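Chain by chain, the residues:
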Amino acid sequence: MNEEPSNPSFEVREEAVQTQTARSSRILYRSLLLMLFGTEALILMWLLPHDKVTLYRLRSLLPLRSSSASSASQDPYLEAMKNDPEIGTPFLPTGIGKIVRQVAPKHVRYTLLGYVGNCASCLNVNLKSWQEETKARGVGFVLFTTAPSLIAQTFFKQQGLKVPIVCDIKGDLVKQLKALWPGRCFLFDRSWHLAWIDRSPGPQYDPLGDTTLQAVLKQ
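Please read these numbers as outputs of a predicted model, since none were measured by experiment. (Residues numbered from 1 in each chain as written. Predicted model: local features only at pLDDT ≥ 70, side-chain atom pairs only at ≥ 80, totals over all residues. Heavy atoms only, no water.)

(A) Expanded view of the sheet that holds strand S3 (residues 165-167). If you walk across this open sheet you meet the 5 strands as S3-S2-S1-S4-S5, and the pairing is mixed. The outermost strands of the open sheet, each flanked by one partner alone, are S3 and strand S5 (194-197). Sheet twist, expressed as the mean angle between neighbouring strand axes with direction ignored, is 25°. Summarising the sheet, strand S1 (residues 110-115) and strand S4 (residues 185-189) pair through 5 bridges and their orientation is antiparallel. Within S4, the residue paired with Gly114 across the bridge is Cys185. Sheet strands in contact with helix H5 (residues 96-103) are S1, strand S2 (140-145) and S3, and its direction is about 165° off that of S3. Contacts from helix H6 (residues 127-137) reach S1, S2 and S4 within the one sheet, and its direction differs from that of S2 by about 150°. (Pairing = 2+ DSSP bridges. Helix = DSSP H or I, 4+ residues; strand = E, 2+ residues; numbered from the N terminus. Axes fitted to C-alpha atoms, helices over the stretch in contact; angles between N-to-C directions. Contact = heavy atoms within 4.5 Å.)

Below you can see the structure in the form of structure tokens.
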């Protein structure tokens, strides 16, 4: 039986087509990646000026400036934190403050009050970890939000939380405590006087890891 002779020129053309196809696929893949990274960069550039917490942390990583005044002007929270309530300030005895006292755990030396903003999903802290840490240390834990009750409860279910949450719709607690950023925490003693205040804005902050708070808890 005679076999048909192979066609070298056809095989060369076929190999060239396959090579060109592979090259085109790689170029298309790289173009898509560049477009994706470019889009993410544009989104980040738009969001960053609006996210003061992240901006504060990024600036804190930069080398210190020679002028303290210039450095201070770059930290969006420094001026605002000068108006923080002083240690020993009594908690609101009426209104929303009374509700917080009612839902807070009883017979504990300290209660950690945490602000979660409007319960947005972008809150970049591990609340469930805080819940476990406070329980292990025998510290009461209550959260407050400016969101309505339905949104707050939905947020809690998503986060797997089982601690009390109070809806500060009018912002009374936000104003009194100077809750400048979502995730800011305040520690109160058993007589509901301020014992510690969070002064470290930033994502992934853990108040129970703060050495100043730890020192207060040991008193």
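Structure shown, so let's carry the discussion forward.
(B) Broad picture of H5. Every buried residue of H5 is listed here: Ile96, Gly97 and Val100. Axial view of H5: buried residues confined to an arc of 105°, hence all on one face. On the buried face of H5, the contacting elements are S1, S2, S3 and helix H8 (172-177). (Buried < 20%, exposed > 50% of the residue type's maximum accessible area, 1.4 Å probe, protein only. Arc of directions from axis to C-beta.)

Without other data, these values stay purely geometric and don't point to any function.
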